[in-house]
Amino acid sequence: MFFNRFQLLFAVCLMILMAFYFIDFSKYHGEPPNITPTTPERSHVSRSSVTRPLPGSCTCPQDSYILKDHLPKEQSEELKQRRAREFQLNKNRTTSVLSRLLFALPNSPLQYPIQGYTVQPLTSTVIPALGLYAEKRKSYKVVLSVSKGILTTEIQHQDVTVKGSGENKLIIESNNLVILNNLLAKVSYTSTIYHINTGDLATFQFENHEAVFPIAIKQPHIPVLYDIGTDISSQVTITTKTFLRYRELKVLLDSIRKFYNNIKVIIADDSLEPEPIHRENMLHYIMPPAQGWFAGRNLAVSQVTTKYFLWVDDDFVFTEKTKIEKLVEVMEANPELDVVGGAVEENQFYFTLIYEEGKENEGGCLYRKSQGKFHSLPGYPQCFLTNGVVNFFLARTDAVQKVGFDPKLQQVAHSEFFMDGLGSLLVASCSHVSIGHQPKTADGQSSIYDKYRHPGENDEEFKLQLHFYKNNLKCITYG
């Protein structure tokens, strides 16, 4: 009997021990955040940050344009070498240490900021939340080091030894943990170089524990705000580009005034023999002849003073469904958006851009997928995110001005703007706002117009060569 009771008691104790072993105590949040691990000495030393691996070679589908095959043979090698040099310069300009991948090691007694610590260049700023939470020791020694600045501390104490204050490596040692932490709370970082947008990595060490945390060094932007006023005319400017199509342009302008009698219209005109346009609140900018599609867009958008502009082609026509206010509503409700496209003749054209970086010496792979989209906008099921839209869109003026339109592209250009803006412009397409398209008619200028409007083989080749060099692409696919 005693033996059976002993076995039962032993089994119960074993079950209790196993239950404690499998409990996930991490889900209990009642304890303070700075709990010291019971045996911090056992945590292994390893690198707490690594460099991202270089991307591998990307694969070009069978129907891709292999861009190196479209380079002039006698210039091919020289172009490749120039592109490689320019790519490295661009990489040096745009790559920051803040893109380095960092890991937080387990069982660390170190406390430090992991995100959001931003300083102005050449300005002393306290590093928040620095602390050491370790078991009782005779002495505590921590080391902080940076590469693009200096570290300082404000207070001294007889029970503390400080070395390197005002240098890029700061050593603090004390036999009193409370005093040490008080001193850590006063540590400041000051960058020693002036840069408007860069970063540093700080290393924080205690015994065999090491942590690395980022320091963002940024010059704050001065806000540029637009007074949107009280009506659509103070919020939006309509922009267009025309070339030898004054009849279509007149129809467009008449339709605009039918629905919006006071909104400003900006016209960029590179016709061979410009005709004067005198209408109230319409600005007509005459360009040198045949400068091209993107040069005209740049000119028109550069003169916009409102928060938004609406881009339309010169052969579009406003209808009852061309409600600019609805597009403004979408943009105002989603301030992170930069471009919102509508529909032309009830048809939406949109596309996604799939980009793989590829090897540096080969270039990336770009795939334009027609009718590609991501997901709908919250609260606007008729709108969804994508990467490119049709030539009827409302855009945030300052965002588009930063990307710009490449004036090298004179005749073959539309998707290229969104390619240049990939990663900079957040784009959506909406089906509930549309514009009409004027019927095509033959006229005396059609042969001259067609000569400039429809690109030849040389224009297509030039665009592919431009993608090779400017966009550092290996191939491009249109689907």
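Residues numbered from 1 in each chain as written. Predicted model: local features only at pLDDT ≥ 70, side-chain atom pairs only at ≥ 80, totals over all residues. Heavy atoms only, no water.

### Let's talk about the sheet that holds strand 10 (residues 160-163)
If you walk across this open sheet you meet the 6 strands as 5-14-13-8-11-10, and the pairing is mixed. Either end of the sheet is taken by a strand with one partner, and the two such strands are strand 5 (118-119) and strand 10. Taken together, the 6 bridges between strand 8 (residues 140-145) and strand 11 (residues 169-174) define a ladder with antiparallel strand orientation. Bridged to Val-142 within strand 11 is Ile-172. Along the sheet, helix 3 (residues 177-184) makes contact with strand 8, strand 10, strand 11 and strand 13 (197-206), crossing strand 11 at roughly 155°. (Pairing = 2+ DSSP bridges. Helix = DSSP H or I, 4+ residues; strand = E, 2+ residues; numbered from the N terminus. Contact = heavy atoms within 4.5 Å. Axes fitted to C-alpha atoms, helices over the stretch in contact; angles between N-to-C directions.)

### A look at the pattern of salt bridges
Under the defined criterion, the tally for this structure stands at 16 salt bridges. Here Lys-470 makes a salt bridge to Asp-420, at a shortest N to O gap of 2.8 Å. Residue Lys-470 is located in helix 10 (residues 457-470), and its partner Asp-420 is located in helix 8 (residues 415-420); the two are separated by 50 residues in the primary sequence. Of the residues examined, Asp-420 reaches a relative accessible area of 26% and is grouped as partly exposed. One network of salt bridges, with partners in common, ties together Arg-245, Asp-314 and Asp-315. (Salt bridge = Lys/Arg side-chain N within 4 Å of Asp/Glu carboxyl O. Buried < 20%, exposed > 50% of the residue type's maximum accessible area, 1.4 Å probe, protein only.)

### A closer look at helix 2 (residues 76-94)
Over its 19 residues, helix 2 runs 27 Å from end to end, which matches the ideal 27 Å to within 8%, given 1.5 Å per residue. For helix 2, every residue scored as buried is listed here: Ser-76, Leu-79 and Arg-83. Viewed end-on, helix 2 has its buried residues packed into an arc of 55°, placing them on one side of the element. Across helix 2 from its buried face, at more than 90 degrees, point the exposed residues Arg-85, Leu-89 and Asn-92. On its buried face, helix 2 is in contact with helix 10 and strand 28 (473-478). (Expected span 1.5 Å × (residues − 1). Arc of directions from axis to C-beta.)

### Considering the side chain of Asn-334
With respect to the helices and strands, the residue Asn-334 is situated in the loop between helix 6 (324-333) and strand 20 (339-344). With residues near it in sequence (within four places) discarded, Asn-334 still touches Leu-377, Tyr-380 and Arg-396.

### Observations regarding the environment of Ala-290
With respect to the element layout, Ala-290 can be found in the loop between strand 17 (282-286) and helix 5 (293-302). Ala-290 has contacts with Phe-243, Asp-270, Leu-272, Gln-410 and Tyr-452, leaving out every residue within four places of it along the chain.

### Quick word on the side chain of Thr-477
Its place among the elements puts Thr-477 in strand 28. Setting aside anything within four residues of it in sequence, one finds Thr-477 in contact with Pro-61, Asp-63, Ser-64, Leu-366, Tyr-367 and Arg-368.

### Side note on the sheet that holds strand 25 (residues 388-389)
Sheet architecture is open: 5 strands sit in the order 2-28-22-21-25, paired in mixed fashion. The open sheet has two free edges, formed respectively by strand 2 (65-66) and strand 25, since each of these has just one partner strand. In this sheet, strand 22 (residues 364-370) lies alongside strand 21 (residues 350-356) in antiparallel orientation, the contact comprising 6 bridges. Note that in strand 22 the partner of Glu-356 across the bridge is Cys-365. Sheet strands in contact with helix 10 are strand 2 and strand 28, and its direction is about 130° off that of strand 28.

### Quick notes on the confidence of the model for the chain
Here the chain averages 87 in pLDDT, while 87% of its residues score no lower than 70. Per-residue pLDDT stays below 50 along residues 12-52; that stretch engages in 42 contacts with residues further than four places along the chain or on separate chains. (pLDDT = per-residue confidence, 0-100.)

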